[in-house]
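Tertiary structure, described
As a plain string of letters, each chain reads:
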Amino acid sequence: MAQETSRDPIKALLDDLEQSIADFDQRLGGVEESPAVTGLRSSGQRYPDIEPEARRQLPPVAPVAVAGNADATAVPEAPAVDLLAELAQAAACRSVDDAETQRRQLELTERLHQDLKTVFDYLNQLIRHANTLKPVLPRSYRLDARNNFDGLAWHDGFVDYRSTSRFDRSYYEQILFQVSYRAPAPLVAVCAADQAAIVRKELELVKLRIQREEPVMLPEGGPGVRYVLPDAIPLHLAVQADFANDALTFRCRNAGNFGPTAYRLPGGSITRPLLDVIGLVLLGRSDTMPKELQRIPYQRIN
């Protein structure tokens, strides 16, 4: 009897351990909790057996978006764009800009064309009268301290023009004027022998071709060179439209004095008084071009 009584605590302990395992398994499986155990002895309630291969059913977990770890295959949705409408609007704006640019260029071309036409008409009339009158020039052309040419008269002037095609029309582009001032005899230039190369270069610059070269003795003593030249001094004038800068360019040779000169005049600035001042220079009555012409570096006349 005493032996059976001593085993009761052991049995109670095993019963309690088994009950604790059953309670733990019941909580994991979502089974409703059984009434609490109030004593060391088993209540006699039978609990389901633990299945060793059972899988716990956990609630689904919502995916968490992580910045910079988007699905590589996901393609962002393109915004709705009317491409043809966008291109049509851009083309319309470009057409307006192009039309305005062409309008300004046409206006500039017309202005320079009218300027050149006015210059040509004036020079054409001046030449027609001067070729008839052949006036004597009151001007004296000075090459250097030793050589001076005077007694010249107007001879054989002419004017021509060149045109260009712009905007499907023909416009004046350049006016070419030339006249010869003739002397009663061939011109002669004399210089010291050590200055011969310099004088020869100056004669080439003013378009006086050397016809003959002779050694001479200078009046003050020492060797010299005598150059026999043509009997006329040429004057050239070219007036050209600068369409890129809305201006006229004047290139002259021997206009007023020996040598090349060049000037610029803004488009739309041609007036009759200005042309009269140029006309006086061409007739040898003045050596000064109009003050409205801005002096610029000279470029060769073609």
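Before any of the text, the structure's been laid out above.
A brief report on the enclosed structure follows. (Residues numbered from 1 in each chain as written. Predicted model: local features only at pLDDT ≥ 70, side-chain atom pairs only at ≥ 80, totals over all residues. Heavy atoms only, no water.)

1. A closer look at the overall build of the protein
Within the protein, the secondary structure is distributed over four helices and eleven strands. Looking at the protein as a whole, 33% of its 302 residues qualify as buried. Pairs at least 24 residues apart make up 63% of the contacts formed inside the protein by residues separated by at least 6 positions. Counting only carbon and sulfur atoms, one obtains 54% of the accessible surface of the protein, whose full area is about 20,400 Å². (Helix = DSSP H or I, 4+ residues; strand = E, 2+ residues; numbered from the N terminus. Buried < 20%, exposed > 50% of the residue type's maximum accessible area, 1.4 Å probe, protein only. Contact = heavy atoms within 4.5 Å. Areas by Shrake-Rupley, 256 points an atom, 1.4 Å probe, with all protein chains shown as cover.)

2. What to know about the sheet that holds strand β11 (residues 294–295)
Neighbouring strands of a sheet are bound in pairs by backbone hydrogen bonds; such pairs are parallel or else antiparallel. Here we have six strands laid out as an open sheet, ordered β3-β4-β8-β9-β10-β11, and antiparallel in their pairing. Of all strands in the sheet, those with a lone pairing partner are β3 (153–166) and β11, marking the two edges. The pairing of strand β4 (residues 169–182) with strand β8 (residues 232–242) spans nine bridges and is antiparallel. When the sheet's bridge partners are listed, I175 is paired in β8 with V239. Contacts between helix α4 (residues 272–282) and the sheet are confined to β3, β4, β8, β9 (247–253) and β10 (260–266), with β4 contributing the most and set at about 35 degrees to the helix. (Pairing = 2+ DSSP bridges. Axes fitted to C-alpha atoms, helices over the stretch in contact; angles between N-to-C directions.)

3. Points about the packing of aromatic side chains
Under the counting rule described, the total for this entry stands at eight aromatic pairs. Centroid distance F120 to Y161: 5.3 Å. Interplanar angle 80 degrees. Geometry classified as edge-to-face. Here F120, found in helix α2 (residues 83–133), pairs with Y161, found in strand β3; they are 41 residues apart in sequence, far enough to count as distant. We classify F120 as buried; its relative accessible area is 13%. An aromatic cluster of three or more residues is present, and its members are Y141, F149, W154, F177, Y181 and F258. (Phe/Tyr/Trp six-rings, centres within 6.5 Å; stacked < 30°, edge-to-face > 60°.)

4. What about the environment of A145?
Inspection of the secondary structure assignment puts A145 in the loop between β1 (141–142) and β2 (148–149). For the pair A145 and C191, spaced 46 residues apart in sequence, the C-alpha separation works out to 9.9 Å.

5. Observations regarding the pattern of salt bridges
Per the counting criterion, the structure on display carries 13 salt bridges. Here D287 and R139 are joined by a salt bridge, their closest N and O atoms 2.9 Å apart. Of the two residues, D287 is situated in the loop between α4 and β11 and R139 in the loop between α2 and β1; the sequence distance between them amounts to 148 residues. A relative accessible area of 41% places D287 in the partly exposed class. R139 sits in the buried class, given a relative accessible area of 3%. Here the salt bridges do not stand alone but share partners, grouping R212, E214 and R226 into one network. (Salt bridge = Lys/Arg side-chain N within 4 Å of Asp/Glu carboxyl O.)

6. A closer look at α4
Buried within α4 we find L274, L275, I278, G279, V281 and L282. All buried residues of α4 lie within an arc of 155 degrees about the axis, which places them on one face of the element. Turned more than 90 degrees away from the buried face of α4, the exposed residues are R272 and P273. Where α4 starts, the residue carrying a side-chain oxygen 3.3 Å from the main-chain nitrogen of L274 turns out to be T271. Phi turns positive, to about 80 degrees, at G284, one or two residues after α4. (Arc of directions from axis to C-beta. Polar contact = N/O pair within 3.5 Å; in protein donor to acceptor, adjacent residues only side chain to side chain.)

7. Some remarks on unusual backbone geometry
Phi is positive for F167, close to 55 degrees, though the residue is something other than glycine. Structurally, the position occupied by F167 is in the loop between β3 and β4. One non-glycine residue, D246, adopts positive backbone phi at about 50 degrees. Along the chain, D246 turns up in the loop between β8 and β9.

8. Topic: the packing of α2 against α4
The contact between α2 and α4 brings their axes to 11 Å, and the two run at 40 degrees. The pairing of α2 with α4 is recorded here as oblique in orientation. Two packed elements cross with a definite hand, and for α2 against α4 that hand is right-handed. Along the contact surface, α2 presents T118, V119, Y122, L123 and L126, while α4 presents R272, L275, D276, G279 and L282. Looking at the contact of α2 with α4 residue by residue, the class counts come to six nonpolar, two polar and two charged. (Parallel < 35°, antiparallel > 145°, perpendicular 65-115°, else oblique. Left-handed = near helix turned anticlockwise from the far one by under 90°. Nonpolar A, V, L, I, M, F, W, Y, C, P; charged D, E, K, R; others polar.)

9. A closer look at α2
Taking 1.5 Å of rise per residue, 51 residues should cover 75 Å, and α2 covers 74 Å from first to last C-alpha, within 8% of that figure. K134 occupies a position one or two residues after α2 and carries a positive phi of about 45 degrees. (Expected span 1.5 Å × (residues − 1).)

10. With respect to the pairing of strand β6 (residues 212–217)
In terms of strand pairing, β6 meets strand β7 (residues 223–228) through six bridges, oriented antiparallel. Bridging from a neighbouring strand, P215 pairs with V225 of β7.

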